[in-house]
Amino acid sequence: PHIEYLNFETFSDHGWDLGDDDLFEKAAAADLAPEDYGVFSYDDGRNLLQSAEDCGYSWPFACRGGACANCAVAVVEGEVEMPSNHILSQEMVDRGIRLSCISEPISDELKVIYNIKHLPGLDDLRL
Ligand code: FES
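Residues numbered from 1 in each chain as written. Predicted model: local features only at pLDDT ≥ 70, side-chain atom pairs only at ≥ 80, totals over all residues. Heavy atoms only, no water.

### Things to note about the packing of aromatic side chains
Working step 1: What the rule picks out here adds up to 9 aromatic pairs.
Working step 2: Seen from their ring centres, Y5 and F40 are 5.6 Å apart, and the 35° between their planes marks the pair as tilted. With Y5 in strand β1 (residues 2–7) and F40 in strand β2 (residues 37–41), this pair connects stretches of sequence that are 35 residues apart.
Working step 3: Taking relative accessible area as the criterion, Y5 reaches 1% and is therefore assigned buried.
Working step 4: The structure contains a cluster of three or more aromatic residues connected by ring pairs, namely Y5, F40, Y57, W59 and Y114. (Phe/Tyr/Trp six-rings, centres within 6.5 Å; stacked < 30°, edge-to-face > 60°. Helix = DSSP H or I, 4+ residues; strand = E, 2+ residues; numbered from the N terminus. Buried < 20%, exposed > 50% of the residue type's maximum accessible area, 1.4 Å probe, protein only.)

Printed below as a string of structure tokens:
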């Protein structure tokens, strides 16, 4: 299984918006640094954050237990399972926002925007 990832911090430089539907095509053409855009494999039984770390990436986190929003990602394509959620609103969950420290990929291919902790509404939830 593979995760294609994109760093939300690159959006302001390029004028991208989380609602754009061709974000990953634009990212692929934008010559971004490997830590900002690329693909890695994940092993079953690992959460998203661990999978990124296993591949040498430093995605943001704080509590590692589903209690802040520092590790939040937006799942653009594919499915992840988040066993519990005490802090994200239903509206955020409906938009595909998940906590990477407790979410496990359940589809073969995922597209994920990481580092979305500064998104309006999430900023307030951080520790
Ligand atoms: Fe705090 Fe994931 S690191 S919820």
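### Concerning the pattern of salt bridges
Two side chains of opposite charge can pair, provided their charged atoms sit close to one another.
Working step 1: Applying the stated criterion across every chain yields a total of 6 salt bridges.
Working step 2: In this structure, D20 and K26 form a salt bridge, with 3.0 Å as the shortest nitrogen-oxygen distance.
Working step 3: Residue D20 is classed as partly exposed on the basis of its relative accessible area of 25%.
Working step 4: Judged by its relative accessible area of 27%, K26 falls in the partly exposed class. (Salt bridge = Lys/Arg side-chain N within 4 Å of Asp/Glu carboxyl O.)

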